[in-house]
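In case you want the letters, here they are:
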2 protein chains.
Amino acid sequence: MARQQGYACYALSFRYGQRHSVELAAAEQLARVLGAVEHRTITIDLRAFGGSALTSDIAVPKGEGSASEAGAIPITYVPARNTVFLSFALAWAEVLAAQAIFIGVNALDYSGYPDCRPDYIAAYQQMANLATRAGVEGQPLTIETPLIDLTKAQIIQRGVALGVPYALTVSCYDPDPTGYPCGACDACRLRAKGFAEAGIADPRLG
Amino acid sequence: MARQQGYACYALSFRYGQRHSVELAAAEQLARVLGAVEHRTITIDLRAFGGSALTSDIAVPKGEGSASEAGAIPITYVPARNTVFLSFALAWAEVLAAQAIFIGVNALDYSGYPDCRPDYIAAYQQMANLATRAGVEGQPLTIETPLIDLTKAQIIQRGVALGVPYALTVSCYDPDPTGYPCGACDACRLRAKGFAEAGIADPRLG
């Protein structure tokens, strides 16, 4: 979506102690396929602080009734994760003199994650423009969240219209060693629901 | 100052690609001497993005007329550094259920650094309370900056009154291999001015 808007894209991924690196390999491949100018993977150790199923030994919840669908903050929430990610993006954005930072947060299905909400993003943008040389010198940047208000079905439809190779994408929190999705975690179930509602077969499962 | 206010302190330092590790050894020693419950040093690679004399091969400015005294943003400014530091502190604070994050920024002498200003800190606090579980659940944390409005002389005086062992502290951007301060960089000159105005001899130079 950023490419369609004419941006030259510098893609950023994080090795932050997540359980698997399948998503990092996929991010690198997708950045290349979709024409990013550059892709960097930064290693940070959020595992040092603990507190989440995604970075500790707490089990990933499977099946119906997981916390994220009940409105509470789910156990898979990583403390301050998006704040840490956006802060590294802000450092690179400042060096690049970038006009915008795009982040794929989605408020609708994941309303339990505090750092995916529009109010949070607005507050981050305001802080960012007080934090940086560009902001101080009158060239503010924006935090862009083109997916924030879309349903998963709408995201699938927009992606298909733009030619996104969904066969290369990874959503699963807990894939098998070959990278095949578990089919049972929150992320798998929301992805399956999105494809079903969009009336499209998921090429990842083909 | 946090200990005096009754806080149990968890101290956090960063190995972020700075030119020397003398300040990290000093931070560890000071945390122990001053009674921190725990001290952690997190390794992050801000060097990957470049853009500052503190983390790249650009020379550290020495002597009179350095940028930080002329009101402009100095070359020693590291892109989004305090934002990255505070974001890691926020992650740990959330795991600890901490009530406050203390940061020693000082707006007066270093007015050239955008991420040392009160407006920035206020915006960060607002963002932090929208980002986190605690903020969402009605237990907001505060970002405390007890040094922000003090002159260097006032900081020295407050520290001496509290028994801070200044002989163990490091300010220099560019010490010699033994850790002895260069005496010529911005940080050395501002420290010397602070001790002189406070009428106190710097025990680090003894």
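Residue positions are given per chain, counted from 1 along the sequence in the order it is written. Each chain is given a letter, starting from A, and each ligand a number, starting from 1, according to the order in which they appear as written. Where totals are concerned, whole chains, interfaces and linings use all residues; where local detail is concerned, this predicted model gives features only for residues with pLDDT of at least 70, and gives and counts side-chain atom pairs only at 80 or more.

**Some details on the overall build of chain A**
The test is simple: To qualify as a helix, a DSSP run of H or I must reach at least 4 residues; to qualify as a strand, a run of E must reach at least 2; elements of each kind are numbered from the N terminus. Note on burial: count the other C-beta atoms lying within 10 Å of the residue's C-beta; 20 or more is buried, 12 or fewer is exposed, in between is partly exposed, and C-beta positions come from the backbone.
Broken down by element type, chain A carries 6 helices and 4 strands. The N-to-C order of helical and strand elements in chain A reads β-α-β-α-β-α-α-β-α-α. Looking at the 206 residues of chain A, the share that counts as buried comes to 40%.

**Comments concerning the interface of chain B and chain A**
Heads up, the rule is: By the criterion used throughout, residues are in contact when their C-beta atoms, derived from the backbone, lie within 7 Å. Think of it as three bins: nonpolar holds Ala, Val, Leu, Ile, Met, Phe, Trp, Tyr, Cys and Pro, charged holds Asp, Glu, Lys and Arg, and polar takes everything else, Gly as well.
On the chain A side, the residues contacting the 36 residues of chain B number 36 residues. Secondary structure elements with two or more residues in the side of chain B that touches chain A: strand 2 (38-43), helix 2 (81-96), helix 3 (118-131) and helix 4 (133-136) of chain B. If you tally residues by element for the side of chain B that touches chain A, the top one is helix 2 of chain B, at 9 residues. Tallied by class, residues from the side of chain B that touches chain A come to 23 nonpolar, 7 polar and 6 charged.

**What about the relation of the copies chain B and chain A?**
Here two copies of a chain appear, and what relates them is a rotation about an axis with a shift along it. This is how it is decided: All copies are superposed by least squares; the fitting set is the C-alpha atoms of residues with a pLDDT of at least 70 in both.
If you rotate chain B by 180° and push it 0.0 Å along the axis, it lands on chain A with an RMSD of 0.0 Å. The relationship between the two copies is best expressed as a two-fold rotation axis. An overlap of 100% is found between the interface residues of chain B and their copies at the interface of chain A, pointing to a shared contact surface.

**Some remarks on the pairing of strand 2 of chain B**
All names here are of chain B. Definition in use: DSSP-based pairing: two strands are paired if at least 2 bridges between them are found. Looking down the strands as they point away from you, a crossover is right-handed if its path from the first strand over the helix to the second goes clockwise.
Sheet analysis places strand 1 (residues 10-15) next to strand 2, joined by 6 bridges and oriented parallel. Bridge pairing in strand 2 links serine 13 to threonine 41. Handedness of the strand 1-helix 1 (residues 22-33)-strand 2 crossover: right-handed.

**A look at helix 2 (residues 81-96) of chain A**
All names here are of chain A. Applied cut-off: Expected helix span is taken as 1.5 Å per residue step, with the number of steps being one fewer than the number of residues.
With 16 residues, helix 2 extends 23 Å from end C-alpha to end C-alpha; this agrees with the ideal 22 Å at 1.5 Å per step. Burial of helix 2 is extensive: 14 of the 16 residues sit out of reach of the surface. Directly beyond the C-terminal end of helix 2, a positive phi value near 55° is found at alanine 97.

**Quick word on the environment of A:Cys182**
All names here are of chain A. Position of cysteine 182 relative to the elements: it lies in the loop between helix 5 (152-162) and helix 6 (186-198). The class for cysteine 182 is partly exposed, based on 15 C-beta atoms found within 10 Å. Separated by 10 residues in the primary sequence, cysteine 182 and cysteine 172 have C-alpha atoms spaced 6.7 Å apart. Residues in contact with cysteine 182, not counting those within four places in the same chain, are Cys172, Asp174, Pro175 and Cys188.

**Considerations on the packing of helix 5 (residues 152-162) of chain B against helix 6 (residues 186-198) of chain B**
All names here are of chain B. The test is simple: Axes, fitted as lines to C-alpha atoms, cover a helix only where it is in contact. Angles between the N-to-C directions of the axes lie from 0 to 180 degrees. Roughly parallel refers to an angle under 35 degrees, roughly antiparallel to one over 145, roughly perpendicular to one between 65 and 115, and oblique to any angle outside these ranges. Here is the rule for handedness: rotate from the far helix to the near one, and if that takes an anticlockwise turn smaller than a right angle the crossing is left-handed, while a clockwise turn gives right-handed.
Close contact between helix 5 and helix 6 brings their axes to 7 Å; oriented N to C, the two are set at 65°. Considering the angle they form, helix 5 stands roughly perpendicular to helix 6. Relative to helix 6, the crossing made by helix 5 is right-handed. Facing helix 5, whose interface residues are Lys152, Ala153, Ile155, Ile156 and Gln157, helix 6 presents Leu190, Arg191, Lys193, Gly194, Phe195, Glu197 and Ala198.

**Re the packing of helix 3 (residues 118-131) of chain A against helix 3 of chain B**
It is at 8 Å that the axes of helix 3 of chain A and helix 3 of chain B come closest, and there the two elements cross at 160°. With respect to each other, helix 3 of chain A and helix 3 of chain B are oriented roughly antiparallel. Between helix 3 of chain A and helix 3 of chain B lies a crossing whose hand is left-handed. Every residue of helix 3 of chain B that contacts helix 3 of chain A at A:Asp119, A:Tyr120, A:Ala123, A:Tyr124, A:Gln126, A:Met127, A:Leu130 and A:Ala131 is listed here: B:Asp119, B:Tyr120, B:Ala123, B:Tyr124, B:Gln126, B:Met127, B:Leu130 and B:Ala131. Here the residues of the contact of helix 3 of chain A with helix 3 of chain B are counted per class, giving 12 nonpolar, 2 polar and 2 charged.

**A few points about the environment of A:Thr43**
Relative to the elements of secondary structure, A:Thr43 occurs in strand 2 (residues 38-43). Residues A:Thr43 and A:Leu90 lie 47 residues apart in sequence; the distance between their C-alpha atoms is 16 Å.

**Focus on unusual backbone geometry**
All names here are of chain A. The backbone of alanine 97 sits at a positive phi, close to 55°, despite the residue not being glycine. Mapped onto the fold, alanine 97 is located in the loop between helix 2 and strand 3 (100-102). Here alanine 97 falls in the exposed class, since 10 other C-beta atoms lie within 10 Å of it.

**Examining helix 6 of chain A**
Residues and elements named next belong to chain A. Taking 1.5 Å per residue as the helical rise, helix 6 with its 13 residues ought to reach 18 Å, and the 18 Å between its terminal C-alpha atoms agrees with that figure. Every buried residue of helix 6 is accounted for by Asp186, Ala187, Cys188, Leu190, Arg191, Gly194 and Phe195. Tucked inside the fold, the buried residues of helix 6 contact helix 5. Trailing helix 6 by a residue or two, glycine 199 shows a phi angle of about 70°, which is positive.

**Thoughts on the confidence of the model for chain A**
Residues and elements named next belong to chain A. Counted only if it meets this: Confidence per residue, as judged by the predictor, is encoded in pLDDT with a range of 0 to 100.
Per-chain confidence: chain A averages 84 in pLDDT, with 82% of residues scoring 70 or above. Within chain A, strand 3 carries the highest mean pLDDT (98), whereas helix 4 (residues 133-136) carries the lowest (72). Interface scoring of the predicted complex returns ipTM 0.82; its pTM is 0.84.

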